[in-house]
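A structural walkthrough
Each chain, written out:
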Amino acid sequence: MIGLALAMVRARPGQALTAFLLAVFAMAAAVSAPVYSTTADRAVVHSQVTAAPISERVVQARRTSPTPQDHDFENLLPQLFNGNGFVSVFSTEYDILLTPRDIKQSHPAPRFVYRDDACAHVRITAGRCYVSETEVILSAGQMETLGLRVGDTVTAAYAKIDPQAGEYYEAGKPSQLTVVGTFEPLNKADTYWSDLDYFNPRSSSRYTTEPVFASRLTLEALEHGPEKQALDVVIDDSAINRESLDAISAQVEAGKSKLEALPGHAVVSTGLPVLLKRIDGDRSLVAQVVPVAAVPLVLLCWFVLFIAVASATQERRRELGLFSLRGLTAPRRWWLAAGESIVPILAGAVVGFFLGHYVVRAAAWFLLSTSADVPISAGFNRWAAVSLLGALLAALLAQRGELAKRTVDLLRNVPSRISRWGAPIFEVVVVVLAAVSVVQLRRGGSGLTGFALVAPSAVVIAVALLAARAVLPIAERIGRRAARQGRIGPMLAAYALSRRPGTQRILALFVVAIGLLVFAATASSAAGDARDHRASVQLGAERVLTVDPLSRAALLAKVRAVDPKGEFAMATTMLPVSEDSVAPMLAVDSRALAATAAWDDASLSAEEAAKLLHPAAERDSIEVDNKDLSLDVTIDSLVDAFRVHWVAVVVPEDGGDVGRVDLGKVTTGRQTYVRNLPMCVNKCRLAALELEQPEGRGFDANVVLHSVSQHGKAIVDEAAFALADTWRVPDTPGPKLLVPTLSAEKDGLRAEISGYKGADTAMRVMPTDVPSPLPVIASRSAGVGDHMTGLDESRQAITVVGEVNTVPRLGYSGGIVDLDYAERMATDGGDAEYPRIFLGPKAPADVVEQLRKQGLIISADTRLGPVRDALDEQGPAVALRFHELAGVLAVILAVGALWLVAGLDRSRRVGELRALRAQGVTRRDAAANGYLALVGTAVVLAPFATLASWLLVREYLPVFSDDAQGFEASYWPSPLPVAVAWGAAAVLLAVAALVAGARLRAAATLKR
């Protein structure tokens, strides 16, 4: 029997080749899903690791040694994180006091630091780096302060800080150190320096802003107290891959546990779990989304295989009838009929298994940012088994209709009738399954899992089947009308469309194939639009510079020094977030908002927003310099006020440290308080006048402010103080804080607090040099209230002057305020939180160098392109590329099905066509086949099937693997990619239909 089956295959090679190729296609399609998933899995791991901030690839341990002789921490290090891909940097330090040549000079108290491989990360500007005990390197500034030259010795001793006086003092035996070189860091923003803040530019009681570097033996040689030890382990991005995830996670957890078990309260932190969680989410999404496209592709392969085998079986009806007539048993007849299809299907499955691997490997090089060879075994799973079993089942079912017929029916040369009930029942089942999958998707809450996995394709298939059934009666009517009008060609084409067996299936197949490609293009376009929008909004500008911490005033002043007109650079900082904050706030230099920020709201332009954020204030800021400041004030009464002083709060305009100048202890009655302002050499802004009690206890006070003078002239006179509306007090959150009540007097401004009864008080008067409440532009969904936490963490009243869809950097949840005004409302002069500089398209090529010359340390330079590219490498984006690939393969399969149907039609109708030609019908009319009409109908119907599926499942298709924060795929994506996909499918099928029609016309030619 096997030999007979093989002989039958050799006798009809065309049919065997068709079954073989379809089996190859089906198996390749099935195998492509797991192979692509494996390849994409590696790609998303690589992309997530590459795009991850360094904090997520670092293990940091911080510890204070119990005793100077304790070396447990560093002795343990060789046992931890010693594999390939781990780069460990150990450091230890303590404070020392250096004695200058001139004893009248201040004694610097630098951090005395040993750090692994420090010499490779500094530039030696004079001398050399240390190589032996007692050798140190200093900065050029330290050398100048100490009055030293390279080769000199310096006296150093372990130092502690006096908590009362705030000064360092010697706490150990002095030793002599040799200065062998001077240094400057190669890059202060290098990840090598970690977060240890070795080069803090702010002045302090150390009288130096740089550390002193030496060898480990040198630090051990000095008599000292406990050391501050640190370990920074950087995991190289090449070490984290799909195969090493579990091992690296286990090694990090084991190392973390051992470090935390050491005495000295070691604190170990790492962002690796966050990265691993994000990677797991990405991998899970790839595993979910890829089968969404693979399932319908395999189903289409089975369907075309069913058509091919069924058509081939019909061609062999007479042969099967002879088998039955000659007494062959039913099992033998089944084997002879099925064997001719099963043999090429099995052979095609083997070839398709390997072909699927190599096709996906080739596609991955074009579709993914990184690719690697996937083992052949990756596709050997349930997908391959199900594909093979489905192909065999489709072949057997395709033959069932003929093999179940009586012998006499098989011997008659009459086409089989189409089942009257089978097709409608099948269509009802498909529609019900589509409805169930959509309901599970929309109500299940678990996304594309379980049966909901087939929802997108099931909707397309259901709509295609229903549309195809509705089209056939229409084609029948068109054929009758053409017959009445005597148009032979259109009549034959319409009747071929409406009456030809299997036409409805072929039409549905075309609609599904085009619909899947258009759906993939729609999903990819909508997701791409969402990624474009998110990248632009969350970055905030085309280019953003991250700056090392500095004061807010310094950030604003230095950026404005580079761009005085606000044409290409904008300083930004986040406002603090407190427990009662409603939404995050971003402070921006609004004068440069239009020139730099990514603004996408059509109802409110960036220029209009800038004007709303920075309206004219009640008055200008009060400027003072470093000369004596005089405050004329009358204190009528004080209750529970002990050691209360007048304090003038001044903020240097050059970005220097804020000054809280003590004007002196107060006494009742009218007094003038005088003090110079040494920090205001380059002008300051008078931020506040306040009564301060050192212990912070509340008190009652009743005072009248008369004038503020400098250089013998009144900066604020009695008349100016009497304008109560031009002065303000802190916003109070309620009973927790009492603020003064302001009222105008004929000789000044009265400020009064009474009946504090133990509550906190803030006796502070500030000029109203900003609009009050502060203007805010917020996103419509942010839920911004009537107050916010100010830059100095005080409560501040706000008013929403404009609403937009998204605000730069904060997206759908936040608001923006003017940085200049927000800074004027603050009195602390503190550091900027997450300081960044937005750069616009007009930024000069050397803008970073210009900013560095202003003293800004640029730690990161982020551009829109890489941010967008990183989103393109997340799991959902990578999985959607497989949808596009599957859509292309579905259209190619549809072309193959059209070619198969045309071939069968040609062999069946050649006699009919020649008879029509003999009766005088033109060759063109005789060969009218309806292929082009079939394709045109499918091209028109497919977008509606896609639209129905898209509207039902759109919000459940994942676009981002992390928190999308309101960003999602839009209902109406960019039309061009969708139109290109639809047009390409239409053209490809139309060309195939034209070629098939031409071949049919050639067969209709009369032969003499």
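Described in the following lines is the structure provided in the data block. (Residues numbered from 1 in each chain as written. Predicted model: local features only at pLDDT ≥ 70, side-chain atom pairs only at ≥ 80, totals over all residues. Heavy atoms only, no water.)

Below, the discussion takes up the state of the cysteines. Per the counting criterion, the structure on display carries 2 disulfides. Here Cys680 pairs with Cys684 through a disulfide, and the sulfurs are 2.1 Å apart. Sign of the S-S torsion, about -100 degrees for the bond between Cys680 and Cys684, identifies this disulfide as left-handed. Exposure remark for Cys680: the relative accessible area of 0% places this residue in the buried category. Taking relative accessible area as the criterion, Cys684 reaches 0% and is therefore assigned buried. (Disulfide = S-S within 2.5 Å. Buried < 20%, exposed > 50% of the residue type's maximum accessible area, 1.4 Å probe, protein only.)

So, on to the pattern of salt bridges. One pass over the structure, following the stated rule, counts 33 salt bridges. Between Asp589 and Arg591 there is a salt bridge, and its shortest N-O distance comes to 3.1 Å. The exposure class assigned to Asp589 is buried, which follows from its relative accessible area of 2%. Across the pair Arg750 and Glu745 runs a salt bridge whose closest N-O atoms are separated by 2.9 Å. For Arg750, a relative accessible area of 18% corresponds to the buried category. For Glu745, a relative accessible area of 27% corresponds to the partly exposed category. Salt bridges sharing partners connect three or more residues here, namely Arg62, Arg115, Asp195 and Asp232. (Salt bridge = Lys/Arg side-chain N within 4 Å of Asp/Glu carboxyl O.)

Here we take up the sheet that holds strand E29 (residues 774-779). Taking strand neighbours across the sheet as the criterion, the 9 strands line up as E30-E31-E29-E32-E14-E13-E33-E12-E34 in an open arrangement whose pairing is mixed. Each of the sheet's edge strands pairs with one partner strand only, and the pair in question is strand E30 (787-789) and strand E34 (858-863). Adjacent strand axes in the sheet meet at a mean angle of 35 degrees, parallel and antiparallel pairs treated alike. Across 4 bridges, the pairing between strand E14 (residues 585-588) and strand E32 (residues 815-818) is parallel. Bridge assignment links Ala587 to a residue of E32, and that residue is Val817. Helix-sheet contacts for helix H16 (residues 552-562) involve strand E13 (569-574) and strand E33 (833-839), and the interaxial angle to E13 is about 170 degrees. (Pairing = 2+ DSSP bridges. Helix = DSSP H or I, 4+ residues; strand = E, 2+ residues; numbered from the N terminus. Axes fitted to C-alpha atoms, helices over the stretch in contact; angles between N-to-C directions. Contact = heavy atoms within 4.5 Å.)

Let us now look at the pairing of strand E8 (residues 175-185). One ladder, built from 5 bridges, connects strand E4 (residues 122-127) with E8; its direction is antiparallel. Note on E8: the bridge partner recorded for Arg123 is Glu184. As defined by bridge partners, strand E5 (residues 135-139) adjoins E8 across 5 bridges and the pair is classed as parallel. Across the sheet, Ile137 pairs through a bridge with Gly181, a residue of E8. Inspection of the sheet shows strand E6 (residues 153-161) paired to E8 by 4 bridges, in the antiparallel sense. Across the sheet, the residue bridging to Ala156 is Ser175, located in E8.

It is the contact of helix H15 (residues 503-539) with helix H22 (residues 864-872), at a shortest axis distance of 9 Å, that shows an interaxial angle of 135 degrees. The pairing of H15 with H22 is recorded here as oblique in orientation. Seen along the crossing, H15 lies across H22 with a hand that is right-handed. In this structure, H15 contributes Gly528, Arg531, Asp532, Arg534, Ala535, Ser536 and Leu539 to the contact, and H22 contributes Leu864, Val867, Arg868, Leu871 and Asp872. A class-by-class count of the residues in the contact of H15 with H22 yields 5 nonpolar, 2 polar and 5 charged. (Parallel < 35°, antiparallel > 145°, perpendicular 65-115°, else oblique. Left-handed = near helix turned anticlockwise from the far one by under 90°. Nonpolar A, V, L, I, M, F, W, Y, C, P; charged D, E, K, R; others polar.)

Turning to helix H6 (residues 245-260), a few remarks are in order. For H6, with 16 residues, the first-to-last C-alpha span of 23 Å sits near the 22 Å given by 1.5 Å per residue. When we look at burial in H6, the residues that qualify are Leu245, Ile248, Val252, Gly255, Lys256 and Leu259. Along H6, the residues classed as buried sweep out an arc of 105 degrees about the axis, all on the same side. (Expected span 1.5 Å × (residues − 1). Arc of directions from axis to C-beta.)

Before going further, it helps to spend a moment on the environment of Leu952. By secondary structure assignment, the location of Leu952 is in helix H25 (residues 931-953). According to the relative accessible area criterion, Leu952 is partly exposed, its value standing at 32%. With 496 residues separating them along the chain, Leu952 and Pro456 place their C-alpha atoms 8.1 Å apart. Residues contacting Leu952, with those up to four places away along its chain left out, are Val438, Arg442 and Val459.

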